[in-house]
Amino acid sequence: MSILIEHANASTNQPIEGSSYSLIIMLVIFLIIFYFMLFRPQQKKEKERKNLMKLISVGDEVMTTSGFLGRVKHITENGYILLELNDKNEIFIKKDFIVSLLPKNTLESLKNK
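Predicted model, so just to flag it, every value in this text is computed and none were measured. Residue indices follow the written sequence of each chain, beginning from 1 at its first position. For this predicted model, a pLDDT threshold of at least 70 governs which residues receive local features, and a threshold of 80 or more governs which side-chain atom pairs are given and counted, while totals over whole chains, interfaces and linings are taken from all residues. Remark: hydrogens and water are excluded; side-chain values derive from all non-hydrogen atoms of the structure.

(A) Region of the structure containing the side chain of D60. Helix and strand definitions here come from DSSP, where helices need a minimum of 4 consecutive H or I residues and strands a minimum of 2 consecutive E residues; each element is numbered from the N-terminal end. Among the structural elements, D60 can be located in the loop between α2 (18-55) and β1 (61-64). Of note is the side chain of D60, whose polar atom sits 2.8 Å from the backbone nitrogen of S57. Within the structure, the side chain of D60 is placed 3.2 Å from the side chain of K104, a separation counted as a polar contact. Polar contact is defined as a pair of N or O atoms within 3.5 Å, subject to the rule that within protein one atom must be able to donate a hydrogen and the other to accept it, and that residues adjacent in sequence are counted only when both atoms are side-chain atoms.

(B) Broad picture of the pattern of salt bridges. By convention in these notes, a salt bridge is any Lys or Arg side-chain nitrogen within 4 Å of a carboxyl oxygen on Asp or Glu. On inspection of all chains with the given rule, the structure shows four salt bridges. In this structure, the salt-bridge partner of E61 is R71, at a minimum N-O distance of 2.9 Å. Within this pair, whereas E61 is found in strand β1, its partner R71 is found in strand β2 (residues 69-75), the two being separated by 10 residues in sequence. What makes E61 buried here is its relative accessible area of 4%. Relative accessibility thresholds used throughout: buried, under 20% of the residue-type maximum; exposed, over 50%; partly exposed, between the two (1.4 Å probe, protein chains only). Of the residues examined, R71 reaches a relative accessible area of 23% and is grouped as partly exposed. Between E90 and K73 there is a salt bridge, with its nearest N and O atoms 2.4 Å apart. Highlighted residues: E90 in strand β4 (residues 90-94) and K73 in strand β2, separated in sequence by 17 residues. Residue class for K73 comes out partly exposed when judged on its relative accessible area of 43%. Via salt bridges that share partners, E61, R71 and E108 belong to a single interconnected network.

(C) Looking closely at the pairing of β1. When DSSP finds at least two bridges between two strands, those strands are taken to pair. For β1 and β2, the ladder comprises three bridges, and the chain directions are antiparallel. When the sheet's bridge partners are listed, E61 is paired in β2 with R71. What sits between β1 and β2 in their antiparallel hairpin is a turn of four residues, with G67 showing a positive phi close to 100 degrees. Sheet topology places β1 next to strand β5 (residues 98-101); three bridges connect them, and they run antiparallel. Within β5, the position partnered with V62 by the bridge is L101.

Structure representation (structure tokens):
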């Protein structure tokens with residue numbers, strides 16, 4: 001009976017070294033997965049957005065976040081755009097509110113329908 005007790009005491013007194021390393025490895029793996037699932041796609045979207053802002057020029061047809069379609073008539077230095085919605089209506093919007101560039105002659109094709 002004393003042999004069983006000695007084996008039980010011996011097994012509880014040993015430090016658990018493997019679990020601390022496995023915890024660190026699991027944490028590193030979790031951080032890598034977290035980076036590729038959340039941060040990397042957000043960085044790609046932001047990079048595409050910055051490229052879109054650089055590509056906008058006078059005469060481009062664009063769509064805004066609110067769904068307005070129009071032609072860029074003037075771009076100011078402080079980040080605003082004069083957007084021509086039709087022959088009579090023009091609005092100033094912040095450059096950040098542009099969602100996408102439209103193919104050329106999109107507005108004319110919509111008017112004809």
